[in-house]
Amino acid sequence: MKKLFLASLIAGAMSLPAFAADYTIIAPANPGGGWDQTARSIQTVMQQEGISGNVQVQNVPGAGGTIGLAQFASQAAGNPNSLIVGGYVMVGAILTNKSPVTLKDVTPIARLTGEYEAIVVPASSPFQTMGDLVEALKKDPGAVSWGGGSAGGTDHIAVGLIAKAAGVDPTKINYIAFSGGGEALAAILGSQVSAGISGYGEFESQVKSGTLRLLAISSAERLPNVDGPTLKESGLDVVVENWRMIAAAPGLSEEQKAAVSADIEKLVKSAGWQETLKTKGWQDTYLAGSAFDEQLAKDVAATETVLKDIGLVK
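All figures in this text were calculated on a predicted structure; none of them were measured in a lab. (Residues numbered from 1 in each chain as written. Predicted model: local features only at pLDDT ≥ 70, side-chain atom pairs only at ≥ 80, totals over all residues. Heavy atoms only, no water.)

1. Describing the pairing of strand E7 (residues 195-199)
- For E7, the tally of buried residues reaches five of five residues, placing the bulk of the element in the interior.
- Examined bridge by bridge, strand E4 (residues 107-122) and E7 share four bridges and lie antiparallel to one another. Along E7, the bridge assignment pairs Ala118 with Ser198.
- Of the pairings in the sheet, the one linking strand E5 (residues 145-148) to E7 comprises two bridges and is parallel in character. Along E7, the bridge assignment pairs Gly147 with Gly196. (Buried < 20%, exposed > 50% of the residue type's maximum accessible area, 1.4 Å probe, protein only. Helix = DSSP H or I, 4+ residues; strand = E, 2+ residues; numbered from the N terminus. Pairing = 2+ DSSP bridges.)

In C-alpha cells:
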C-alpha cells in the first residue's frame, strides 16, 4: 500500500505544471511614463495568464534609461529572471549621453509595442491648432518651451523634426526633459511649458476629459478613436513612432535565453496582452529573434543619423 501511495504521489507531482519563473523587471524611469506603464502591464498580464507566479517592478530613473541600463548590465549578469524595458528613447539617450553601456551589453529579446507621439497644450493655452504653435515657433524658437521625456529620446527627436520641417533651426528649440511621465504631465497641466509631447496613451485621459487639447499626432494617417489631426495634415512632413522592447540580462546560456523568449512570446499572444494594447492605444509591433537583432542595429544607425541632423550628437 505504501508503495502504491508513493507511486501515486510521484505520478501526481509529475502531472502538475512546472512552476513558472519569477521575474524582476527594471523600468528605467520614474513611475507614470511609458516604460513604467509597459513594465507594469507586463507584470499584470504575466501573473494573470499564469506565465509567471510572481513579477516585481523596480524603477531606476535617470539619463534616458542609461542609469538603469548600466545598473542592470552589471548587477543582473547571468540572472535569467531579470528583465529590463527599453526602446527608441534609450537608443537616443545612449548616443546623446555617450553612455559606456549600450544595448550590446544586455540580451535583447523582443520589440513589443509602438506608439505615436502626441502634441498637447493645456485647455487654457492660446494655441488652438498646431499651426498656431508653429507660427510662434517660427517667430521665436526659444520662447516656445516643449516638455517631454529624456534628452535625445523620441519626444526630443520629434520636436527637432517638427522644427526642421517648419524651417526652424532645430538646435534653437527650447526642450525641457523630464525623467518621468508624471513630472512632465504636471508641468504641462500647470502651464510651466508651452506644449507637451509624448506617447498619446500618456495624455489620453486628460485629452478626453478636456484638460488638455490635442494639437496633432505623429502618425502617417489619422488613428481610430483619436480625435486629432496628423502632423502631415498640419503641413509638417513628420512621422514618428516610438517603440518599446524588453531585454534580458547579459551572460545567459542559449537555453536560458530561449526560456525567457518563450515566456515573452506567451505574453504577446495572450488575450490579456491584446486587451492591454487596445486599452493603452499601443500598436502591436512584436518582433523577436534574429529579425529583431537586425532591426535594432538598423534603428540604432538611423537614430544616430537623425540626432546628428538635429544637432544633438556631434
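That shown, we press on.
2. Some thoughts on the nonpolar core
- Counting residues in hydrophobic clusters, the biggest one holds 77 residues, and the most contacted among them are Ile119, Met130 and Trp146.
- With six residues, helix H4 (residues 88-96) is the single largest residue contributor to this core.
- Not counting the four nearest positions on each side in its chain, Trp146 is found in contact with Ile119, Met130, Leu133, Leu137, Val159, Ile162, Asn174, Tyr175, Ile176, Val193 and Ala195.
- In terms of nonpolar packing, the next biggest core, distinct from the first, is built from 13 residues, Val120, Leu185, Phe203 and Ile217 among them. (Core = buried A, V, L, I, M, F, W, Y, C linked by side-chain atoms within 4.5 Å. Contact = heavy atoms within 4.5 Å.)

3. Quick notes on the packing of helix H7 (residues 181-189) against helix H8 (residues 200-209)
- At their nearest, the axes of H7 and H8 sit 11 Å apart, and the two run at 40° to each other. Of the possible angle classes, the one that applies to H7 and H8 is oblique. In this structure, H7 crosses over H8, and the sense of that crossing is right-handed. On H8, the residues touching Gly181, Leu185, Ile188 and Leu189 of H7 are Glu202, Phe203 and Gln206. (Axes fitted to C-alpha atoms, helices over the stretch in contact; angles between N-to-C directions. Parallel < 35°, antiparallel > 145°, perpendicular 65-115°, else oblique. Left-handed = near helix turned anticlockwise from the far one by under 90°.)

4. Digging into the packing of aromatic side chains
- Applying the stated criterion to the full structure yields two aromatic pairs.
- Centroid distance Tyr88 to Trp243: 6.3 Å. Interplanar angle 5°. Geometry classified as stacked. Remark: Trp243 occurs in strand E9 (residues 241-248) and Tyr88 occurs in helix H4; sequence separation between them is 155 residues.
- Judged by its relative accessible area of 12%, Tyr88 falls in the buried class.
- When its relative accessible area of 8% is taken as the criterion, Trp243 is described as buried.
- Ring centres of Trp273 and Trp282 lie 6.4 Å apart, and the angle between their planes is 50°; on these two criteria the pair is classed as tilted. For the pair shown, Trp273 and Trp282 are each scored as buried. (Phe/Tyr/Trp six-rings, centres within 6.5 Å; stacked < 30°, edge-to-face > 60°.)

5. What about the packing of helix H6 (residues 154-165) against helix H11 (residues 289-309)?
- Two elements in contact, H6 and H11, have axes whose closest approach is 10 Å; the angle formed by their N-to-C orientations is 55°. Comparing the axis directions of H6 and H11 gives the class oblique. As for the relative orientation of H6 and H11, their crossing is left-handed in sense. On H11, the residues that touch Ile157, Leu161 and Lys164 of H6 are Thr303, Val306, Leu307 and Asp309.
- Its residues assigned to classes, the contact of H6 with H11 comprises four nonpolar, one polar and two charged. (Nonpolar A, V, L, I, M, F, W, Y, C, P; charged D, E, K, R; others polar.)

6. Brief notes about the side chain of Ser218
- Take Ser218: it is sitting in the loop between strand E8 (212-217) and E9.
- Among the residues examined, Ser218 registers a relative accessible area of 0% and is labelled buried.
- Among the polar contacts made by the side chain of Ser218, one reaches the main-chain carbonyl oxygen of Val240 at a distance of 2.5 Å.
- When near neighbours in sequence (up to four residues on either side) are disregarded, Ser218 contacts Tyr116, Glu117, Leu231, Val238, Val239 and Val240. (Polar contact = N/O pair within 3.5 Å; in protein donor to acceptor, adjacent residues only side chain to side chain.)

7. Brief notes about unusual backbone geometry
- Phi at Ala63 takes a positive value of approximately 55°, unusual for a residue other than glycine.
- At Asn225, a position not held by glycine, the phi torsion is positive, near 70°.
- With respect to the helices and strands, Asn225 occurs in the loop between E8 and E9.
- Look at Asn225 and you get exposed, because its relative accessible area is 72%.

8. Remarks on the side chain of Ser82
- The residue Ser82 is located in strand E3 (residues 82-87) in this model.
- The class for Ser82 is buried, based on a relative accessible area of 11%.
- Of the polar contacts made by the side chain of Ser82, one reaches the side chain of Asn79; its length is 3.2 Å.
- Sequence-distant contacts of Ser82, defined by excluding residues within four places in its chain, comprise Thr24, Phe72, Ala76, Ala247, Ala248 and Ala249.

9. Details of H6
- Between its terminal C-alpha atoms H6 stretches 16 Å, which fits the 16 Å expected from twelve residues at 1.5 Å a residue.
- Judged by how many residues are buried, H6 sits mostly within the fold: nine of twelve residues are covered.
- Along H6, the residues that are buried comprise Thr154, Asp155, His156, Ile157, Ala158, Val159, Gly160, Ile162 and Ala163.
- Directly after H6, the chain includes Gly167, whose backbone phi takes a positive value near 80°. (Expected span 1.5 Å × (residues − 1).)

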